[in-house]
Amino acid sequence: MKKLFMLCCASLLAACSSTSPSHQASLDGEVFYLQRIALPPSATLSVSLQDVSLMDAPAVTLASQAGPIKGNVPLPFHLTYDPAQVKPGHRYALSARIELDGKLLFINTEHHGVELDGSAVQPVRIKVDPVR
């Protein structure tokens, strides 16, 4: 009986150790603007990777990064996403915004489509424009 119990335990341990961990993929890039101004120290940068396939539905966010801005432009970002969420035939895009105390200062006004099949040129550069 002890041998059977030990054999079952060993089988369970082997099954648990053979499952592969979740693989992650990432996109690196930088956000920049053309104006020659410094941002206030309390400004924040938000960058999102979204599935924009459906035109009449909200975009689905696969990954996002938000936080205080450290340094001057270009502002680096790193997004980690689960490649299992990437669906064949879908379109994906990056969006970026800079805010100060909840007020939008800069946002990307051009579509920044990305290929999530490993062929995307990195770092990805996203230009943001001032909001007037």
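Residues numbered from 1 in each chain as written. Predicted model: local features only at pLDDT ≥ 70, side-chain atom pairs only at ≥ 80, totals over all residues. Heavy atoms only, no water.

Enquirer: How would you explain the overall build of the protein chain if you had to name every residue and give the values?
Expert: Broken down by element type, the protein chain carries 1 helix and 9 strands. In the protein chain, the order of α-helices and β-strands from amino to carboxyl end is α-β-β-β-β-β-β-β-β-β. Considering the protein chain as a whole, with its 132 residues, one finds that 27% of them fall into the buried category. Considering only contacts within the protein chain whose residues lie at least 6 apart along the sequence, 65% involve residues at least 24 apart. When the accessible surface of the protein chain is summed, it comes to about 9,000 Å², and 59% of that surface belongs to carbon and sulfur atoms. (Helix = DSSP H or I, 4+ residues; strand = E, 2+ residues; numbered from the N terminus. Buried < 20%, exposed > 50% of the residue type's maximum accessible area, 1.4 Å probe, protein only. Contact = heavy atoms within 4.5 Å. Areas by Shrake-Rupley, 256 points an atom, 1.4 Å probe, with all protein chains shown as cover.)

Enquirer: Describe the nonpolar core, with residues and values.
Expert: Counting 26 residues, the largest nonpolar core has Val31, Leu49, Leu94 and Ile98 as its most contacted members. Listing elements by their share of this core, those giving two or more residues are β1 (25-32), β2 (44-51), β3 (60-68), β4 (75-81), β5 (92-100) and β8 (124-127). Not counting residues up to four positions away in its chain, the partners in contact with Leu49 are Leu27, Val60, Thr61, Leu62, Ala63, Leu79, Tyr81, Tyr92, Ala93, Leu94, Val114 and Leu116. (Core = buried A, V, L, I, M, F, W, Y, C linked by side-chain atoms within 4.5 Å.)

Enquirer: An account of the sheet that holds β8 is needed here, citing residue identities and associated values.
Expert: Read from one edge to the other, the open sheet built from 3 strands follows the order β4-β1-β8, with strand pairing classed as mixed. Every other strand in the sheet has two partners, leaving β4 and β8 as the edge strands with one partner each. Direction aside, the axes of adjacent strands within the sheet are offset by 30° on average. Two strands pair when backbone bridges link them, and β1 and β4 are joined in this way by 7 bridges, in the antiparallel orientation. Within β4, the position partnered with Leu27 by the bridge is Leu79. (Pairing = 2+ DSSP bridges. Axes fitted to C-alpha atoms, helices over the stretch in contact; angles between N-to-C directions.)

Enquirer: Quick rundown of the packing of aromatic side chains? Include the residues and the values.
Expert: With the rule as written, the count across this model stands at 1 aromatic pair. Taking the centre distance of 4.5 Å and the plane angle of 20° together, the rings of Tyr33 and Phe106 count as stacked. Of this pair, Tyr33 sits in the loop between β1 and β2 while Phe106 sits in strand β6 (residues 103-107), placing them 73 residues apart in sequence. On the basis of relative accessible area, Tyr33 is assigned to the buried category, the value being 6%. The ring of Phe32 carries the charged tip of Arg125 above its face, separated from the ring centre by 4.2 Å. (Phe/Tyr/Trp six-rings, centres within 6.5 Å; stacked < 30°, edge-to-face > 60°. Lys NZ or Arg CZ within 6 Å of the ring centre and 35° of its normal.)

Enquirer: Any chance you could break down the pattern of salt bridges for me, citing the residues and the numbers?
Expert: Following the criterion strictly, the structure yields 3 salt bridges and no others. A salt bridge links Glu99 to Arg97; its shortest N-O distance comes to 2.8 Å. Assessed through its relative accessible area of 32%, Arg97 is described here as partly exposed. Linking Lys127 and Asp129 is a salt bridge whose minimum nitrogen-to-oxygen distance equals 2.9 Å. Overall, Lys127 belongs to the partly exposed group, its relative accessible area being 22%. With a relative accessible area of 17%, Asp129 lands in the buried category. (Salt bridge = Lys/Arg side-chain N within 4 Å of Asp/Glu carboxyl O.)

Enquirer: Outline the confidence of the model for the protein chain, supporting the account with residue identities and numerical values.
Expert: Mean pLDDT over the protein chain: 86, with 83% of residues reaching 70 or higher. Scored below 50 in pLDDT, residues 1-20 makes 0 contacts in the model with residues more than four places away or belonging to other chains. (pLDDT = per-residue confidence, 0-100.)

Enquirer: An account of the side chain of His112 is requested, with residue identities and associated values reported.
Expert: Within the secondary structure, His112 sits in strand β7 (residues 112-114). A residue is classified by how much of its surface remains accessible, and His112, at 14% relative accessible area, is buried.

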